[in-house]
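# Per-entry structural report
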Amino acid sequence: MALFTLRSLKKDFGIKEILKDASFSLDEGDKVGLIGTNGSGKSTLLKMIARLETFDSGDLWVNSSAKIIYLPQQPDLNEELTVLEQVFADSGEQMTLVKEYEEISDQLSHGHGDQNILLARLSSVSERMDLLDAWDLETNAKIILTKLGVDDLEAKIGSLSGGYRKRIAIASALLSSPDVLLMDEPTNHLDALSVEWLQSYLNRYRGALLLITHDRYFLDKVTNRIIEIDRGDLFNYSGNYSYYLEKKAEAEDSAASTQRKHSGLLRRELEWLKKGPKARSTKQKARIDRAHALQATEFKQANAKVDITTSGRRIGKKVVELDRVGKSYGDRTLIKDFSYNFTPEDRIGIIGANGAGKSTLMNMIIGKLPPDEGTVEIGTTIHFGYFDQHSDDLAENGDLRVIEYLKNVSELVKTSDGSVITASQMLERFLFPGNQQYAPINKLSGGEKRRLFLLKVLMAAPNVLILDEPTNDLDVQTLAVLEEYLEDFNGCVIVVSHDRYFLDRTVDMVFSFEVEGEVRLYPGNYSIYLEHKKDEAEQEANGTKEQKSSNVKAFAPEVQQPKVEAKKPSKASFKEKREYEELELKIPQLEAEKTQIEKKLYHNPPSGHTEVQKLSDRLAELNQAIDKSTERWLKLSERI
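As a convention, each chain's residues are numbered from 1 in the sequence order in which they are written. Only residues with pLDDT of 70 or above have their local features reported here, since the model is predicted, and side-chain atom pairs are shown and tallied only from 80 upward, although totals for entire chains, interfaces and linings are computed over all residues. The basis for the side-chain values is all heavy atoms of the structure; hydrogens and waters are excluded.

## Some details on the overall build of the protein
Across its full length, the protein carries 21 helices and 20 strands. Think of it in three bands: residues with accessible area under 20% of the maximum for their type are buried, residues over 50% are exposed, and the middle band is partly exposed, with areas taken using a 1.4 Å probe on protein chains only. Of all 640 residues assigned to the protein, the portion counted as buried reaches 44%. Sequence-distant contacts, at least 24 apart, represent 68% of the contacts inside the protein between residues at least 6 apart. In the structure as shown, the protein presents an accessible area of about 34,200 Å², 48% of it carried by carbon and sulfur atoms. Think of it this way: any DSSP run of H or I at least four residues long counts as a helix, any run of E at least two long counts as a strand, and we number them from the N terminus. Every residue pair with non-hydrogen atoms within 4.5 Å of one another is taken to be in contact. Only the protein chains shown count as covering a residue, and every accessible area follows the Shrake-Rupley method with a 1.4 Å probe.

## Comments concerning the packing of helix H5 (residues 137–147) against helix H6 (residues 162–175)
Close contact between H5 and H6 brings their axes to 10 Å; oriented N to C, the two are set at 140 degrees. At the point where H5 passes H6, the crossing takes the right-handed sense. Contacts from Leu 137, Asn 140, Ala 141, Ile 144 and Leu 145 of H5 reach H6 at Ile 168, Ala 171, Leu 174 and Leu 175. Of the residues assigned to the contact of H5 with H6, the class counts are eight nonpolar, one polar and no charged. Orientation is described by axes fitted as lines to C-alpha atoms, over the contacting stretch for helices, and by angles from 0 to 180 degrees between their N-to-C directions. Definitions for this section: a left-handed crossing has its near helix turned counterclockwise from the far helix by less than a right angle. A right-handed crossing has that turn clockwise. Charged means Asp, Glu, Lys or Arg here, nonpolar means Ala, Val, Leu, Ile, Met, Phe, Trp, Tyr, Cys or Pro, and polar covers whatever is left, Gly included.

## Thoughts on the pairing of strand S18 (residues 492–496)
The buried fraction of S18 is high, at five of five residues. Of the two faces of S18, the one holding Cys 492, Ile 494 and Val 496 and the one holding Val 493 and Val 495 are both buried throughout. Taken together, the five bridges between strand S17 (residues 464–468) and S18 define a ladder with parallel strand orientation. The residue of S18 that forms the bridge with Leu 465 is Val 493. Chirality of the crossover, the property in question, places the unit of S17, helix H17 (residues 476–488) and S18 among those that are right-handed. What makes two strands pair is DSSP finding at least two bridges between them. Handedness is read with the strands pointing away from the viewer; a crossover is right-handed when the path from the first strand over the helix to the second is clockwise.

## So, helix H1 (residues 42–49)
Every α-helical turn comprises 3.6 residues, leaving residues that sit three or four positions apart pointing alike. Across the eight residues that make up H1, a large majority, six, are buried. Backbone geometry just downstream of H1 places Arg 51 in the positive-phi region, at approximately 65 degrees.

## Points about unusual backbone geometry
Of note, Arg 51 is a non-glycine position whose phi angle comes to about 65 degrees, a positive value. Mapped onto the fold, Arg 51 is located in the loop between H1 and strand S4 (57–62). A positive phi angle, near 50 degrees, is found at Glu 469, a position not held by glycine.

## Quick notes on the side chain of Thr 381
For Thr 381, the location among the structural elements is in the loop between strand S13 (373–378) and strand S14 (384–387). Among the polar contacts made by the side chain of Thr 381, one reaches the main-chain amide nitrogen of Gly 316 at a distance of 2.8 Å. With residues up to four places along the chain from it excluded, the contact list for Thr 381 reads Arg 314, Ile 315, Gly 316 and Asn 463. Whenever a nitrogen or oxygen atom comes within 3.5 Å of another N or O atom, the pair is scored as a polar contact, on the condition that within protein one atom can donate a hydrogen and the other can accept it, and that pairs from neighbouring residues in sequence are kept only if both atoms are in side chains.

## As for the environment of Ser 359
Considering the arrangement of structural elements, one finds Ser 359 in helix H11 (residues 358–365). Given the relative accessible area of 31%, Ser 359 is considered partly exposed. Taking the C-alpha atoms as reference, Ser 359 lies 7.9 Å from Asp 468; in sequence the two are 109 residues apart.

## Topic: the sheet that holds strand S6 (residues 180–184)
Pairing within the open sheet is mixed, and its six strands lie in the order S5-S6-S7-S3-S8-S9. Of all strands in the sheet, those with a lone pairing partner are strand S5 (68–71) and strand S9 (233–237), marking the two edges. Strand-to-strand, the axes of this sheet are offset by a mean angle of 15 degrees, without reference to chain direction. Of the pairings in the sheet, the one linking strand S3 (residues 31–35) to strand S8 (residues 225–230) comprises four bridges and is parallel in character.

## Side note on the sheet that holds S17
Strands sit in the order S14-S17-S18-S12-S19-S20 across an open sheet of six strands; the sheet is mixed. Edge positions in the sheet fall to S14 and strand S20 (519–523), since each of these pairs with one other strand and no more. Recorded for the sheet is a direction-independent mean angle of 15 degrees between the axes of neighbouring strands. Packing against the sheet, H17 makes contact with strand S12 (347–351), S17 and S18, and its axis sits at approximately 150 degrees to S17.

## As for the nonpolar core
Ranked by size, the top nonpolar core spans 51 residues in total, and within it Val 83, Leu 145, Ile 168, Leu 174, Leu 181, Leu 198 and Leu 202 carry the most contacts. Here the element with the most residues in this core is H6; it accounts for seven residues. Filtering out sequence-adjacent residues up to four positions away, Val 83 remains in contact with Leu 145, Val 150, Asp 152, Leu 153, Ala 155, Ile 157, Leu 160 and Ile 168. Residues grouped as a nonpolar core are buried Ala, Val, Leu, Ile, Met, Phe, Trp, Tyr and Cys residues, joined through side-chain atoms within 4.5 Å. Residues Val 402, Phe 432, Phe 453 and Leu 454 belong to the second largest nonpolar core, which totals 43 residues.

## Section: helix H16 (residues 446–459)
One fewer than the residue count of a helix, multiplied by 1.5 Å, yields its expected span. The first and last C-alpha atoms of H16 sit 20 Å apart over 14 residues, in line with the 20 Å expected at 1.5 Å per residue. Inspection of H16 places Gly 447, Glu 448, Arg 450, Arg 451, Leu 452, Phe 453, Leu 454, Leu 455, Val 457, Leu 458 and Met 459 among the buried residues, and these make up the whole buried set. The positive-phi residue at the C-terminal boundary of H16 is Ala 461, with phi of around 50 degrees.

## A look at the pattern of salt bridges
A pairing counts as a salt bridge when a side-chain nitrogen of Lys or Arg comes within 4 Å of a carboxyl oxygen of Asp or Glu. Evaluation of the coordinates by the stated rule reveals 17 salt bridges. Two residues, Arg 324 and Asp 337, come together in a salt bridge whose shortest N-O distance is 3.3 Å. With Arg 324 in strand S10 (residues 320–329) and Asp 337 in strand S11 (residues 332–341), the pair connects residues that are 13 residues apart, well separated along the chain. Residue Asp 337 is classed as partly exposed on the basis of its relative accessible area of 41%. Through salt bridges with shared partners, a single network forms among Arg 216, Glu 483, Glu 487 and Arg 505.

## A few points about the packing of H6 against helix H7 (residues 192–204)
Relative to each other, H6 and H7 sit at 15 degrees, their axes nearing to 13 Å. On the basis of the axis angle, H6 is roughly parallel to H7. Between H6 and H7 lies a crossing of left-handed hand. For the pair H6 and H7, contact is made by Arg 167, Ile 170 and Leu 174 and by Ser 194, Trp 197, Leu 198, Tyr 201 and Leu 202, respectively. Broken down by class, the residue content of the contact of H6 with H7 amounts to six nonpolar, one polar and one charged. Working definition: roughly parallel below 35 degrees, roughly antiparallel above 145 degrees, roughly perpendicular at 65 to 115 degrees, and oblique for all remaining angles.

## Section: the environment of His 383
Relative to the helices and strands, His 383 resides in the loop between S13 and S14. Taking the C-alpha atoms as reference points, His 383 and Val 464, 81 residues apart in sequence, are found 6.2 Å from one another. Discounting chain neighbours no more than four positions away, the residues touching His 383 are Arg 313, Pro 462, Asn 463 and Val 464.

## Topic: the pairing of S17
In terms of burial, S17 is a largely internal element, five of the five residues being buried. Of the two faces of S17, the one lined by Val 464, Ile 466 and Asp 468 and the one lined by Leu 465 and Leu 467 are each fully buried. Of the strand pairs in this sheet, S14 and S17 are connected by four bridges, and their pairing is parallel. Looking at the pairing, Phe 384 lines up with Val 464 of S17.

## Let's talk about the packing of aromatic side chains
For Phe, Tyr and Trp, where Trp contributes only its six-membered ring, two rings pair if their centres lie within 6.5 Å, and the inter-plane angle classes them as stacked under 30 degrees, edge-to-face over 60, or tilted in between. Counted according to the given criterion, the structure contains 13 aromatic pairs. Judged by centre distance (6.0 Å) and plane angle (80 degrees), the rings of Phe 4 and Phe 24 are edge-to-face. In this pair, Phe 4 is assigned in strand S1 (residues 2–12) and Phe 24 in strand S2 (residues 17–27), connecting sequence segments 20 residues apart. Since its relative accessible area comes to 0%, Phe 4 is described here as buried. Relative accessible area serves as the criterion here: at 5%, Phe 24 is assigned to the buried category.

Pasting the structure below:
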């Protein structure tokens, strides 16, 4: 059953045509990912479905019985309410029944009113609560909020940061159990654990879903259909994000092949026309008409992509050296006794819960914030490029035209191939066409503002690039190009992000903010870090199990096991006995070396990236050698 249907919707903002002839339906059970470049109209489309934005022409039909909840990027909450009150605000009849039940129960307990009437009302309310499953409303709210990292349920909304407000809005939307959930960048401001929980929740969610997100792992796991907005047109793909990428590549290859064939046929027909054939026969006239039709055929050009070709600058050996730095605010320790020497080749990912101290560390690295303890030394050749998550610089210059904002950095830009282009040409490479370059910044979409700010940061030619939540509001196409750019970037890259896909693509070392200000180092990308964490948890669990097992054995009576006649193995050769003895000496040596390397990597890592890589490679070799040697030792022990 269709929950809503769009037919031939059109929307034009003057400087850009958002939708030309948009048509699609959302049915029960659909989980649709909406993708497209920044400014293509994704958020506008969600707002039109939620009746918050008008359209120029076309039809939008919404099932009158369907409950639709819209979750914007920046939710508007009542600052006077507490967290729980806000979460219950959209719960409708469920919350009304809970309050009524509590009021009647209170009157009964105090002997107020006619007891028989009150009991009858209580019975009726109870039946409605059973029907609407309202009994566990508060419990479910607390579970959802906790999973999203919100602990203080009595805090006033007005005292909370934008990130926490977004989490509360998500909880409120989920708790309201809508038939259709419209979500605009729900993973922004969520840490990795919260994203994984939300991903799992939406996988089980029975209602329909239409969402915009930059998180490609999230998009791949949650959706069963992709709709792409490309220059006003909608394209449907019946599958998840991986399926979309596969079919998109096939479609582009097919379109390119068709265009090549068309060009070849057109060239031959034009050559024939140049010979001046006379249209004396019906056959010749038809061929002339076909040639003219071929000339009139238009093909949609491939979608333009951001072209990041800014130049860099020389970087010396000394980048930033942190020596036993610490930072506290009151009784709370954010960073304790942390040391690290950054190198020009470093690709560092910084992760941790909101408020753990990631931005504090960033500000100490760039010299903006002094540490309470320890020292920070910055190399003389270092030029920082800081892409902060709030893009405060844009907010301060919202009335400036796009081209004026960029010319404040430079009117001419040197690209990576050594050529010099104008600021206007650079804007075109970042998908800002000529008419949009003279629009005020505050007229841009959130994603377009982030893309413009990224361009300004890169135009300054930094050799240490710090990206604080770069994936917030950037479209997946721009992120893919940025990831490729970072691979070849001649300098140090430091990324603060909760985006698992982006971290996997861009970093080879993870700084993890742990408890009580400890910052631990994990070699590898984010997926490898998760494997480390999983191994640590298993080892801890196994240690507990072994302890319990030994305690049970100490008190359990000995049970006589039945004897089983074992098959007698063949006699071991002298060579095999010698190999067995060598392995008994070799395996402990390999394990001892492995333990030393693990201690060095995880507790006192070397400052240089090259040395860390060597140790990581050696650790992998040792694990393989230990497994192989142990397996051989077991086989030989059976024979001996």
